[in-house]
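Listed here are the chains, written in short residue letters.
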Amino acid sequence: MTDAFHAGSRRLHHIGIVVADLDAAAERYAALGFTDGDRFAVPEQMIEAITYHAGPGYVELISPTDPAGAIARYMAKRGEGMHHVAFAVDDLAAELADLAAKGVRLIDEAPRSGAHGWRVAFIHPESCNGVLVELVQE
Ligand code: CO
């Protein structure tokens, strides 16, 4: 592989996994070696989550706390599992403007606040081969 391949132009930031039972999922991930999670609630999104360090990135377990929330509705339709992939960017607003100009379908036209003080925005799966993609500026 070339040096350019190794350098890459994007860094995988985290993957988001939807789980029905956060305590049970935490036990399972502890068995996989994930023990130092940061657990937090996001009431306005009706979720509770745990973020684990995974190398230079993170794994995030996300669980609905109210059946009316978007994650609960997602889980009712699609079940547990991979929910989104996030990539790190340096300038989120500039990236979004660039993507919009390229005709990419954005869920968030502007950066918004995410967990841990991160600035985040989502790209519609329709523009990413069926994958919900999140961009994160730390
Ligand atoms: Co995320």
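Up top is the structure.
Residue numbers run consecutively from 1 along every chain, following the written order of its sequence. Per-residue local features of the predicted model are confined to residues with pLDDT of at least 70, and side-chain atom pairs are confined, for both listing and counting, to 80 or more; whole-chain, interface and lining totals are unaffected and use all residues. Hydrogens and water molecules were not included; the side-chain quantities draw on all heavy atoms of the structure.

1. Some details on the side chain of Glu-60
Stage number 1. With respect to the element layout, Glu-60 can be found in strand β4 (residues 57–64).
Stage number 2. For the buried residue Glu-60, which engages in no salt bridge, the nearest side chain bearing the opposite charge is Arg-112, 9.9 Å off.
Stage number 3. Any two residues whose heavy atoms approach within 4.5 Å at even a single point are treated as in contact. Setting aside chain neighbours within four positions, we find Glu-60 in contact with His-14, Ile-15, Gly-16, Ile-17, Phe-40, Ala-49, Ile-50, Thr-51, His-116 and Trp-118. Helix and strand assignments follow DSSP, with helices taken as H or I runs no shorter than four residues and strands as E runs no shorter than two, numbered in order from the N terminus. Per-residue accessibility, obtained with a 1.4 Å probe over protein chains only, is compared with the maximum for each type, and a residue is labelled buried under 20%, exposed over 50%, and partly exposed between these values. When charges are counted, Lys and Arg are positive and Asp and Glu negative, with His and the chain ends excluded. The salt bridge criterion pairs a side-chain nitrogen of Lys or Arg with a carboxyl oxygen of Asp or Glu, the two atoms within 4 Å.

2. A closer look at the pairing of strand β3 (residues 47–54)
Stage number 1. Pairing between strands requires that DSSP locate at least two bridges from one strand to the other. With five bridges connecting them, strand β2 (residues 38–42) and β3 associate as antiparallel partners. What sits directly across from Val-42, in β3, is Ile-47.
Stage number 2. What sits between the antiparallel neighbours β2 and β3 is a turn of four residues, in which Met-46 has the positive phi angle 55°.
Stage number 3. Bridge analysis of β3 against β4 gives eight bridges, and the strand direction is antiparallel. Note on β4: the bridge partner recorded for Glu-48 is Ser-63.
Stage number 4. Hairpin connection from β3 to β4: two residues lie between these consecutive antiparallel strands, with Gly-55 at a positive phi of about 65°.

3. Quick notes on helix α3 (residues 70–78)
Stage number 1. Every buried residue of α3 is accounted for by Ile-71, Ala-72, Tyr-74 and Met-75. An end-on view of α3 places all buried positions within 160° of arc, on one side of the element. Seen from the buried face of α3, the exposed residues on the opposite side, beyond 90 degrees, are Ala-70, Ala-76 and Lys-77.
Stage number 2. For α3, the elements touching its buried residues are β1 (11–18), β3, β4 and β5 (81–88). It is the directions from the helix axis to the C-beta atoms whose arc is reported.

4. Considerations on the sheet that holds β5
Stage number 1. Ordered in space as β2-β3-β4-β1-β5-β8-β7-β6, the eight strands form an open sheet in which the pairing is mixed. Every interior strand has two partners, whereas the edge strands, β2 and β6 (112–113), have only one.
Stage number 2. Pairing analysis gives four bridges linking β5 to strand β8 (residues 133–137), with the strands arranged parallel. By the bridge assignment for β8, Val-85 is matched with Val-133.
Stage number 3. Sitting on the sheet, α3 touches β1, β3, β4 and β5, and the angle it makes with β4 is about 85°. Convention adopted: a line fitted to C-alpha atoms gives each axis, helices being fitted over their contacting stretch, and angles between N-to-C directions are expressed from 0 to 180 degrees.

5. Focus: the nonpolar core
Looking at soluble globular proteins, one finds that nonpolar side chains tend to be buried together.
Stage number 1. Working definition of a nonpolar core: buried Ala, Val, Leu, Ile, Met, Phe, Trp, Tyr and Cys residues. They are joined through side-chain atoms within 4.5 Å. In this structure, Ile-17, Val-19, Leu-22, Ala-25, Ala-26, Tyr-29, Phe-34, Ile-50, Tyr-52, Val-59 and Leu-61 together form the largest nonpolar core, which totals 11 residues.
Stage number 2. Within the residue set of this core, elements represented by two or more residues are α2 (22–31), β3 and β4.
Stage number 3. Here the element with the most residues in this core is α2; it accounts for four residues.
Stage number 4. Setting aside its immediate chain neighbours within four residues, Tyr-29 contacts Ile-17, Phe-34, Tyr-52, Val-59 and Leu-61.

6. A word on the packing of aromatic side chains
Stage number 1. Aromatic rings from Phe, Tyr and Trp, taking only the six-membered ring of Trp, are treated as a pair when their centres fall within 6.5 Å; an angle between ring planes under 30 degrees marks them as stacked, one over 60 as edge-to-face, and anything in between as tilted. Under the definition given, this model contains four aromatic pairs.
Stage number 2. Taking 6.4 Å as the distance between ring centres and 20° as the angle between the ring planes, the aromatic pair formed by Tyr-29 and Tyr-52 counts as stacked. Placement of Tyr-29 in helix α2 and of Tyr-52 in strand β3 is noted, with a sequence separation of 23 residues between them. The exposure classification of Tyr-29 matches that of Tyr-52, with both residues buried.
Stage number 3. Chaining the aromatic ring pairs together yields one cluster made of Tyr-29, Phe-34 and Tyr-52.

None of the figures reported here should be taken as evidence of function without further support.
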